[in-house]
Amino acid sequence: SAVISQKPSRDICQRGTSLTIQCQVDSQVTMMFWYRQQPGQSLTLIATANQGSEATYESGFVIDKFPISRPNLTFSTLTVSNMSPEDSSIYLCSVGPGSGNTIYFGEGSWLTVV
Amino acid sequence: AQSVTQLGSHVSVSEGALVLLRCNYSSSVPPYLFWYVQYPNQGLQLLLKYTSAATLVKGINGFEAEFKKSETSFHLTKPSAHMSDAAEYFCAVSPAAGRRALTFGSGTRLQVQP
């Protein structure tokens, strides 16, 4: 199984600032994804992080707000730019497919914007 | 295109009773199906998955689910609920090939009464 480390695990941020979340995997993975889970809600896919090229964003998410990098097969970053209270969410990194077509999740980064 | 419908945002059972959490999916391609559990203030944990092998899938903590193509369903069951099963449960679907991004249902909160 893949072990995923996300940093920071929690943070409280001032509105108008930006925060970069890191996702490190202990093995090379084909696919990396970023999800958002707003309070009391389900998970929504933000984008697919593509190695060496621009991320593929889902409807409703744009690169200016959520720039993503993926310099290699084990690491990706998601930046939440110009934050507002509406950005208070859990941001989760996901990788796969692993053994048995499993999709793995990190523990999440819990962001509160004040 | 794919989607997941979880019937019942809240389910309450007595300790020792049968747990049944419903999940119906829609997918234009052969799907893989997953159940994840999220305990309070924690990340996602994979309970079980269907990836085109046996249609009856056994997972962790005594849970199982049956893939029924004719009913487009993947309901989660456990014969006897335990207090520790209280959590949020998410059903998710992904394509069996290509980009394996997950589409999540809205989630079902399971309460277990003593």
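In what follows, the structure referred to is the one given above.
Bear in mind the structure is a predicted one, so any value in this text is a computation, not a measurement.

1. As for the packing of aromatic side chains
Now for step 1: By the definition in use, this model includes 14 aromatic pairs over all chains.
Now for step 2: On the basis of an interplanar angle of 70° and a centroid distance of 5.9 Å, the ring pair of Phe105(A) and Phe104(B) is categorised as edge-to-face. Placement of Phe105(A) in strand E10 (residues 104-105) and of Phe104(B) in strand E11 (residues 103-104) is noted, with the two residues assigned to different chains.
Now for step 3: Phe104(B) gets classed as buried once you look at its relative accessible area, which sits at 9%.
Now for step 4: Ring centres 6.5 Å apart and planes at 55° place the aromatic pair Tyr50(B) and Phe74(B) in the tilted group. Taken together, the residues span a long stretch of sequence, with Tyr50(B) in strand E6 (residues 44-50) and Phe74(B) in strand E9 (residues 73-78) at a distance of 24 residues.
Now for step 5: In this structure Tyr50(B) comes out as buried when scored by relative accessible area, which is 8%.
Now for step 6: Residue classification places Phe74(B) among the buried residues on the basis of a relative accessible area of 0%.
Now for step 7: An aromatic cluster is defined as three or more aromatic residues linked by ring pairs; in this entry it consists of Phe33(A), Tyr35(A), Phe105(A), Phe34(B), Tyr36(B), Phe90(B) and Phe104(B).
Now for step 8: For Arg10(A), the ring lying beneath its charged end belongs to Trp110(A), and the centroid distance is 4.5 Å.

2. Observations regarding the interface of chain B and chain A
Now for step 1: With 20 residues of chain B at the contact, the number on the chain A side is 21 residues.
Now for step 2: Roughly 1700 Å² of surface becomes buried between chain B and chain A when both sides are summed, with 57% attributable to carbon and sulfur atoms.
Now for step 3: Summed over the three residues of chain B that lose the most area to chain A, namely Leu44(B), Arg99(B) and Arg100(B), the buried surface amounts to 32% of that side.
Now for step 4: Counting across the interface, chain B meets chain A through zero salt bridges.
Now for step 5: For the side of chain B that touches chain A, the secondary structure elements donating two or more residues are strand E5 (31-38) and E6 of chain B.
Now for step 6: Of all the elements, E5(B) adds the most residues to the side of chain B that touches chain A, at four residues.
Now for step 7: Class assignment for the residues of the side of chain B that touches chain A results in nine nonpolar, eight polar and three charged.

3. A few points about the pattern of salt bridges
All names here are of chain A.
Now for step 1: Under the defined criterion, the tally for this structure stands at four salt bridges over all chains.
Now for step 2: Here Lys-65 and Asp-87 are joined by a salt bridge, their closest N and O atoms 2.7 Å apart. With Lys-65 in the loop between strand E6 (56-57) and strand E7 (68-72) and Asp-87 in the loop between strand E8 (75-80) and strand E9 (89-96), this residue pair connects regions lying 22 residues apart in the sequence.
Now for step 3: Residue Asp-87 is classed as buried on the basis of its relative accessible area of 5%.

4. What to know about the environment of Gly8(B)
Residues and elements named next belong to chain B.
Now for step 1: Relative to the assigned elements, Gly-8 resides in the loop between strand E1 (2-5) and strand E2 (10-14).
Now for step 2: For Gly-8, a relative accessible area of 33% puts it in the partly exposed group.
Now for step 3: Taking the C-alpha atoms as reference points, Gly-8 and Tyr-36, 28 residues apart in sequence, are found 16 Å from one another.
Now for step 4: Non-local contacts of Gly-8, meaning those with residues more than four positions away in its chain, are made with Gly-107 and Thr-108.

5. A few points about the sheet that holds strand E1 (residues 4-7) of chain A
Residue and element names in this part refer to chain A.
Now for step 1: The sheet built from four strands is open, its strands ordered E1-E3-E8-E7 with antiparallel pairing. Unpaired on one side and paired on the other, E1 and E7 mark the two borders of the sheet. The mean inter-strand angle of the sheet, taken between neighbouring strand axes irrespective of direction, is 15°.
Now for step 2: In the sheet, E1 pairs with strand E3 (residues 19-25) via four bridges, with the strands oriented antiparallel. The residue bridging Gln-6 from the neighbouring strand is Cys-23, located in E3.

6. A closer look at the pairing of strand E5 (residues 43-49) of chain A
Residue and element names in this part refer to chain A.
Now for step 1: Of all the seven residues making up E5, six are buried; the element is thus mostly covered by neighbouring parts of the structure.
Now for step 2: Relative to E5, strand E4 (residues 31-37) is paired through six bridges, and the arrangement is antiparallel. Each residue of the ladder has a partner; that of Arg-36, found in E5, is Thr-44.
Now for step 3: Following E4, the chain reverses through five residues before pairing antiparallel with E5; Gly-40 in that reversal takes a positive phi of roughly 70°.
Now for step 4: When E5 meets E6, the two strands line up antiparallel, connected through two bridges. The residue of E6 that forms the bridge with Thr-48 is Thr-56.
Now for step 5: From the end of E5 to the start of E6, which pair antiparallel, there are six residues, and Gly-52 there has a positive phi angle of about 80°.

Scoring rules and cut-offs
- Residues numbered from 1 in each chain as written.
- Chains lettered and ligands numbered in written order.
- Predicted model: local features only at pLDDT ≥ 70, side-chain atom pairs only at ≥ 80, totals over all residues.
- Heavy atoms only, no water.
- Phe/Tyr/Trp six-rings, centres within 6.5 Å; stacked < 30°, edge-to-face > 60°.
- Helix = DSSP H or I, 4+ residues; strand = E, 2+ residues; numbered from the N terminus.
- Buried < 20%, exposed > 50% of the residue type's maximum accessible area, 1.4 Å probe, protein only.
- Lys NZ or Arg CZ within 6 Å of the ring centre and 35° of its normal.
- Contact = heavy atoms within 4.5 Å.
- Buried area = accessible area lost by both parts, 1.4 Å probe.
- Salt bridge = Lys/Arg side-chain N within 4 Å of Asp/Glu carboxyl O.
- Nonpolar A, V, L, I, M, F, W, Y, C, P; charged D, E, K, R; others polar.
- Pairing = 2+ DSSP bridges.
- Axes fitted to C-alpha atoms, helices over the stretch in contact; angles between N-to-C directions.

Limitation: the analysis is restricted to geometry and does not speak to function.
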